[in-house]
Amino acid sequence: MNSRRNLLKSLGAGVLVAGIHGIANAEEKGKRSVARSIKIIANTQELILLKEAIEGEIFKTLGYFQEHDAGGALYLITKKGQESPGAIILKNGLVAELLESNSVNYQMFGTKSDGDFDDGMAIKSAHEYANIYNIPVINRHGEFWIKATNDINIQTSVEWGATIFHIDEQFNTPKAFKFNITSTTAIKDHQLDANDKSSLVEHLVPGVTEIAALNKFRGNLIYVEDKNDRIGYRAGARFDGQSWAKQELFFVEDHGKVIGDIAYRFKDFTSFEVIPVDDTYLTMSGGCFVLSGNSSGKGYTKNGIAIRRSRTIISKQVVRLAHGAVDTAPNARTGFYNFHKVYEVRLEDIKLIPYEQDREGTEHDVPAGTYGISGDRILNGTFRNVTAEGGKVHWGVFGTNMNKNFTIELCRLNRVDVHFHCWNVRIHNTHIGHRGISVTGGGDLTVRDCFVEGRNIINFRQDFGSKWDGDIRIENVHFKPSVPSSANLLEMSPSNFNYHYPIVLGRTIIVQNIQIDSTSMNPRAEIQLINFPKFAKMDHGERVIFPSYIEFSNVFCRGAVSGVKGFQLLKPQGFYVDKKGSYDSYFFQPNVQVRIDRVELLDGKSLNNYANPYHFSFVGSDDIDVDEHSAFIEIEFIKSRDLQLKADAIPMQITVRDSSISRFEFGEQRELQGELYLDHSKFAPNVNKLEQVRCDYKASLGNIFSNTTIHSPRIQDKYQFDAFELYKFIAINKQLLGTHINTRLGKEYVEYLASKQIKLSPAFLNQLLISRGEK
């Protein structure tokens, strides 16, 4: 083999052929010259029949089956032995060994491209040869049919250009992909001694950035797992206790620098895998894959490319159904692109399809999620300019688990989905179709400059606890709900279930510059900012962790629905908040800040038609064990319209600025436990029925009115002046509760009083301008 490698090197710059019995120009190799006689022959068929071929001769064919069919190559005549892929057995008993040193193509290995022959066998041999001699496969044109051939192993770069592969999916199997991109170095299950294991268990904790003891593994991807510590139990009867082993994936740089945020603490490792990361990038570029659509294997079948090598870039590919074909697969597919235990991988400039799942007639449905892109345990995965759209019949193109530093840019996808544990997700300049974005995990979640369809901007998967242990940032998003009745910008509603890890509803949530297009919705549809769980503490005793900061700003709605509702919290002091807060009847110390700034709220008349007629509802309970980590909420409204809020049996601080208030309800005592501030705002109820006028403005720690206007209530857009008496904090020329600075009565009510010849007393007018009224 070594002598053959040396010969390949001597021919590496190419050979000039003089004639059928000519001598090639000698190449200078240092101070030595090598001369080889190169004989030209039409094709490999003639070479096979050539009786006079002798050992040591080199032949150049002008084609494989016929001249100029792109299969021409160099061959060295040798004795039979351990033949390399591409070797040809001659009639005289010798062997013609392929002698290509720069690159190979598929025609050199006998592809027929006739639609009947399984070209996959020759394609597999081509890559075996390329892997042995570490040369690329360059096959920029041609059509090939792959049938029963699987596990085509690729370890060198590939240029496919305009090559078309027809994949007959009736041969799909759950056991093997068509192509496998692999490293030349195998994964090692490293056995840690007791001291090393103990040290790593101690130091591999959330927040760590460097562990000196890991330096000996630098340049490798590390996967650790404890099979005896199960987490991520999946809610739902059909999952029957399905769970995940606690696990982490990270890359080790020099000096033990850890790349990949650590999310979990470990008690033990049952495995410690060292996954090699090559020093060079393998690139696969070009090609079109035409699928027959008739996959029929049982279970999750495989039909595409498995990526098992880190630092792999796949680009400029199209995956589609054959012309006239339909997707009739009765079972799910694993994903045309499947990534597993890899670092720094990229998929870009790709057109592929999501597969059909919800066909007309349940008997034709696929019983499980079926994916175009799948994978797990991916660190630094980037998907750029990937297009995979579909209709309501199609399932999600993405279906992955255990990803870190997951980036999606400039894509158009019908779905982005990470089931269990994604850490750090960035989705930028992307169009997400009606299957939406579904994730669980933690770290930084950023969705920016996107168009999103579906029921939510982000669905935090209920079956894995709606968990996001990190900061959520959503900016500049056009959201078009694809459902007629109800939608939520954020869906955060875990089941009352023991997931065996803490459930965090985000550490902070900031949502800015959202345009909601409700043109396809029912006019009475309900759009909420967040759908929170209807409990704060689970039956097994675990408290759900609540964010310390929530902000929604510049949220506008157009179309059939006039605006949005905010959210509802039941027994909010049952939640757990990292920061400390308190209320002792004398002082309120918040640990949760909520800011609602320029959010277009649903108009009051429409809101009053709902069973829960409030934009924001906070309902406490006396049966909660309140401590310093309970939720003590400070909420601020800016530029809000027709605001209707309920705060019952829960201490709060409420601030309203530059807004109009339609309804405040503070429980049976009609008093807010906490503080109430109103600045440059209006009391302006606009309701459907008189009994809906509810304006509780008393607060235990005081209420301050600054530059506030008090209007008469309106019933069905008509002023009902006698309803002014329902305001319990004000009685004309008698009492005014709270602290007031420049309070005014609405012009319509002043005129009404004048018509009734009721004159405001100077003392009462002075109270409106500045007063410290009784509480």
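Before going into details, it helps to say that this report is about the structure given with it.

Cut-offs used in this document
Residues numbered from 1 in each chain as written. Predicted model: local features only at pLDDT ≥ 70, side-chain atom pairs only at ≥ 80, totals over all residues. Heavy atoms only, no water. Helix = DSSP H or I, 4+ residues; strand = E, 2+ residues; numbered from the N terminus. Contact = heavy atoms within 4.5 Å. Buried < 20%, exposed > 50% of the residue type's maximum accessible area, 1.4 Å probe, protein only. Phe/Tyr/Trp six-rings, centres within 6.5 Å; stacked < 30°, edge-to-face > 60°. Disulfide = S-S within 2.5 Å. Pairing = 2+ DSSP bridges. Polar contact = N/O pair within 3.5 Å; in protein donor to acceptor, adjacent residues only side chain to side chain.

Before going further, it helps to spend a moment on the environment of Val-416. Secondary-structure assignment places Val-416 in strand β24 (residues 412-417). Taking the C-alpha atoms as reference points, Val-416 and Ala-235, 181 residues apart in sequence, are found 20 Å from one another. When neighbours within four sequence positions are excluded, Val-416 is seen to be in contact with Phe-398, Phe-406, Ile-408, Ile-427, Ile-432, Gly-436, Ile-437 and Ser-438.

We now examine unusual backbone geometry. With a phi angle near 55°, Asp-349 is a residue other than glycine that sits in the positive phi range. Following the sequence through the fold, Asp-349 ends up in strand β21 (residues 337-351). The exposure class assigned to Asp-349 is partly exposed, which follows from its relative accessible area of 32%. A positive phi angle, close to 75°, is found at Ser-585, a residue other than glycine. The exposure class assigned to Ser-585 is partly exposed, which follows from its relative accessible area of 45%.

Right, let's talk about the packing of aromatic side chains for a bit. Going through the model one piece at a time under the given rule, you end up with 49 aromatic pairs. Centroid distance Phe-588 to Phe-632: 6.4 Å. Interplanar angle 70°. Geometry classified as edge-to-face. Taken together, the residues Phe-588 in strand β37 (residues 588-589) and Phe-632 in the loop between β39 (616-619) and β40 (633-638) connect sequence positions 44 residues apart. For the pair formed by Phe-588 and Phe-632, the shared burial category is buried. Judged by centre distance (5.4 Å) and plane angle (50°), the rings of Phe-664 and Tyr-697 are tilted. Of this pair, Phe-664 sits in strand β43 (residues 660-665) while Tyr-697 is found in the loop between β47 (686-687) and β48 (698-699), placing the two residues 33 residues apart along the sequence.

Right, let's talk about the state of the cysteines for a bit. Tallied over the full model, the rule gives zero disulfides. Among the cysteines around Cys-450, which has no disulfide bond, Cys-411 carries the closest sulfur, lying 9.6 Å off. With no disulfide of its own, Cys-557 lies 19 Å from the sulfur of Cys-450, the closest cysteine sulfur.

Moving on, we get to the pairing of strand β15 (residues 244-252). Of all nine residues in β15, nine are buried, a share of seventy percent or more. As defined by bridge partners, strand β14 (residues 220-231) adjoins β15 across eight bridges and the pair is classed as antiparallel. Residue pairing for β15: Val-224 is matched across the bridge by Glu-248. With two bridges joining them, β15 and strand β16 (residues 258-259) adopt antiparallel strand pairing. Each residue of the ladder has a partner; that of Val-252, found in β16, is Val-258.

Let's shift gears to the side chain of Glu-491. For Glu-491, the position within the fold is in strand β31 (residues 486-492). Engagement of the side chain of Glu-491 in a polar contact is seen with the side chain of Ser-493, the distance being 2.4 Å. There is a polar contact of 2.8 Å between the side chain of Glu-491 and the side chain of Asn-531. Sequence-distant contacts of Glu-491, defined by excluding residues within four places in its chain, comprise Asn-456, Ile-458, Asn-459, Phe-460 and Asn-531.

Strands sit in the order β35-β39-β41-β43-β46-β50-β56 across an open sheet of seven strands; the sheet is parallel. On the outer flanks of this sheet lie β35 (567-570) and β56 (744-745), each paired with one strand and no other. Sheet analysis places β35 next to β39, joined by four bridges and oriented parallel. Within β39, the residue paired with Leu-570 across the bridge is Val-619.

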